[in-house]
Amino acid sequence: MSTTLGIDLGTQHLKALVYDAGTRRILSSAMSPLEIDQRQDGSAEQQAQWWIDALHDALSQLDKQSVRSVSAIGVSGQQHGFVPIDKSGAVLAPVKLWCDTSTENECDQLTEAMGGVDSCIKSAGNPILPGYTASKVLWFKQTHPKLYEQMDCVLLPHDYLNYYLTGEHCMEAGDASGTGFLDVRERRWSSEMLKALDPERDLSASLPPLRTDNEFIGELRAEVAAATGLPAGIPVSTGGGDNMMGAIGTGNVAAGRMTVSLGTSGTVYAYSDTPVVDPQGEIAAFCSSTGGWLPLLCTMNCTVTTELVRGLLGADIEAFETLVAGAPRGAGGILTLPFFNGERTPNLPRGKGCLVGIDANNASRDNLLRSAMEGATFALRFGIDRLADLGVTADEIVLTGGGANSATWRQLIADVCDRRVTVLEQSEGAALGAALQALAALDKQPVEAIVGEHLSAAAELGCEPEKSAVELYSDVYRSYQSSVDAITPLYQ
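Below you will find a few notes about this structure. Computed from a predicted model, the values in this text were never measured in an experiment.

1. Description of the nonpolar core
One broad rule of soluble globular proteins: the nonpolar side chains tend to lie buried together.
Here is step 1 of the chain: Ranked by size, the top nonpolar core spans 49 residues in total, and within it V260, L399, I413 and Y480 carry the most contacts.
Here is step 2 of the chain: Listing elements by their share of this core, those giving two or more residues are β17 (257-262), β18 (266-270), α13 (317-326), β20 (335-337), α14 (365-389), β22 (396-400), α15 (407-417) and α18 (467-491).
Here is step 3 of the chain: With nine residues, the single largest contributor to this core is α14.
Here is step 4 of the chain: Excluding its chain neighbours within four sequence positions, the residues that come into contact with V260 are T267, V268, L380, I384, I397, V398, L399, T400 and I413.

2. Brief notes about the side chain of S206
Here is step 1 of the chain: With respect to the helices and strands, S206 occurs in the loop between α9 (191-197) and β13 (210-211).
Here is step 2 of the chain: The buried category is assigned to S206, whose relative accessible area is 4%.
Here is step 3 of the chain: Those residues in contact with S206, other than ones at most four positions away along the chain, are M151, D152, C153, V154 and R201.

3. Some words on the sheet that holds strand β5 (residues 44-46)
Here is step 1 of the chain: One open sheet accounts for three strands, arranged β4-β5-β8; its pairing is antiparallel. In this open sheet, the two strands that pair with only one neighbour each are β4 (37-38) and β8 (95-96).
Here is step 2 of the chain: Across two bridges, the pairing between β5 and β8 is antiparallel. When the bridges of β8 are listed, Q46 appears paired with V95.

4. Quick word on the pattern of salt bridges
When charged atoms on two side chains of opposite charge get close, those side chains can pair.
Here is step 1 of the chain: Scanning all chains against the criterion turns up 18 salt bridges.
Here is step 2 of the chain: Salt-bridge contacts for D100 lead to K96; the nearest nitrogen and oxygen are separated by 3.0 Å. You'll find D100 and K96 in the same group, each marked buried.

5. Details of the layout of surface pockets
Here is step 1 of the chain: For the second largest pocket, the calculated volume is near 590 Å³.
Here is step 2 of the chain: Of all the secondary-structure elements, those providing two or more residues to the lining of the second largest pocket are α3 (104-114), α14 and α18.
Here is step 3 of the chain: It is α18 that contributes the most residues to the lining of the second largest pocket, six residues altogether.

6. Considering the pairing of strand β1 (residues 3-9)
Here is step 1 of the chain: β1 sits mainly inside the fold: seven of its seven residues count as buried.
Here is step 2 of the chain: Alternating residues of β1 divide into T3, L5, I7 and L9 and T4, G6 and D8, and every residue in both groups is buried.
Here is step 3 of the chain: Across six bridges, the pairing between β1 and strand β6 (residues 72-77) is parallel. Residue G6 lies in a different strand from β6, and its bridge partner there is G74.

7. Overview of the sheet that holds β17
Here is step 1 of the chain: The five strands are arranged β19-β18-β17-β22-β23 in an open sheet whose pairing can be described as mixed. What marks the edges here is a single partner per strand, and that holds for β19 (296-299) and β23 (420-422). Between one strand and the next, the sheet's axes are offset by a mean angle of 20 degrees, whatever the strand orientation.
Here is step 2 of the chain: Summarising the sheet, β17 and β22 pair through five bridges and their orientation is parallel. Bridge pairing in β22 links R257 to E396.
Here is step 3 of the chain: Contacts from α15 reach β17, β22 and β23, with the element oriented near 150 degrees to β22.

8. Some remarks on the pairing of β6
Here is step 1 of the chain: β6 sits mainly inside the fold: six of its six residues count as buried.
Here is step 2 of the chain: Across the two faces of β6 the burial is the same, with A72, G74 and S76 and I73, V75 and G77 all buried.
Here is step 3 of the chain: Sheet analysis places β6 next to strand β16 (residues 240-241), joined by two bridges and oriented parallel. If you follow G77 over to β16, its bridge partner there is G241.

What counts, and at which threshold
One numbering rule holds for all chains: residues counted from 1, following each sequence as written. With the structure being a predicted model, the display of local features is reserved for residues of pLDDT at least 70 and the display and counting of side-chain atom pairs for 80 or more, all residues being used for whole-chain, interface and lining totals. Note: side-chain values were computed over all heavy atoms of the structure, leaving out hydrogens and water. In plain words, nonpolar cores are sets of buried Ala, Val, Leu, Ile, Met, Phe, Trp, Tyr and Cys residues tied together by side-chain atoms within 4.5 Å. Note on classification: 1.4 Å probe, protein chains only; a residue is buried when its accessible area is under 20% of the maximum for its type, exposed when over 50%, partly exposed between these limits. Numbering of helices and strands runs from the N terminus; a helix is a DSSP stretch of H or I covering at least four residues, while a strand is a stretch of E covering at least two. Should any heavy atoms of two residues lie within 4.5 Å, those residues are considered in contact. DSSP bridges decide pairing: two strands pair if at least two such bridges lie between them. By definition, a salt bridge exists where a carboxyl oxygen of Asp or Glu is found within 4 Å of a side-chain nitrogen of Lys or Arg. Each cavity reported here is a set of points on a 1 Å grid over the protein atoms alone in which a 1.4 Å probe fits but cannot get out, each pocket an open set with protein on both sides within 12 Å along at least five of seven lines, and each lining residue one with an atom within 4 Å of a point. Grid points are joined across faces, edges and corners, and a volume is the space filled by probe spheres set on the points. In this analysis, axes come from line fits to C-alpha atoms, helices being fitted only over the stretch in contact, and the angle between any two N-to-C directions falls in the range 0 to 180 degrees.

Okay, here's the thing in structure tokens:
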């Protein structure tokens, strides 16, 4: 059997793990932290070199024997980031990230050039939202025209790691869905959107080959092998966006299962055999990395919310769990609208976090902490309801991400969403998904078959919705939605 390396380039850290298919266990794993340069104008950027440094740091922490045993590599990465490179492969500017909301004006310009939101959805399946790559390209063109002229290729974050590892330029259809200029129905670049981005330049010439099959893109460069201890020449698979690799890592490769990720951002997604395009543009119409589609809702403030409030109130992780578990359901009437970094759904890039319903009687530490967790959960519940409106349903939620470590949050998800919650024995999400994708390519098996063999539920961590809690949260959720509607005009 084979040993594969899974790499996940996240927002706050890069993770690497070595997975042994024979024993079905992770032999070694490590993380390296990443900084974010965030500014008041909504900018959120990282230097691509930070990713390379973090990769080497994480690999250096892994067990050396495990590293030497690796037969193939798969890479997952945060979506939407804009990495412009010149002909020599040099990165031309700091990388604008998925959580960058500074390009709202460029979104408006592109939407107007396309003839409106409906035309954007007709052309590519998605509206142009802050965070998507398209508006970042236009920003770069208008803000740094001389550097834009030097741009030879547009890459996404995981593409850039693939390029560093192999020297090959390519983009994978699932991750490319988040650019805003891929026609997700046909898995081809939208000529209309590219023309709106630049009427004078053929931008398709600056886009790398689009990969739609699970295959190897190249071999590990000798220089990288020498610096990391990995075997030279081992193959690197296509990889994909963190949500697409998270779908593989949670077994979300067939209809009927839904994944909820409680990470820096919160995501809700489910596999579909056919394109799912939301005429209202609230659900992202993405492709999966397994030949299907992955309709998805993303919120920008999931564990961002709980970590911010936890820090303000001076509660460590253990105290946080105790206080939240002891607080009443509904947090005594306090509602947190968790738009601290602006928000994608609802589309409020200039949004701010709000507390609603706080008074002299309920203003307590435990209620404020509980409300933060509930607010982040309500934002995800909207996605589940909207997916159902589009015909995408599931009886089971597979929970992943750091928030899934909280027993209170697991039960809250079950109660708010009125669905059974499952947590897998293999809790590494996107990094494991990348390792499994590489394993499937190595063994020449369908990803679905690999997932069925290598993933299993942790029965002791699962939970069922409690009827009384479901009824209570149904009312609280309606109040939350009414509050969102009330504050929306303040930030539009």
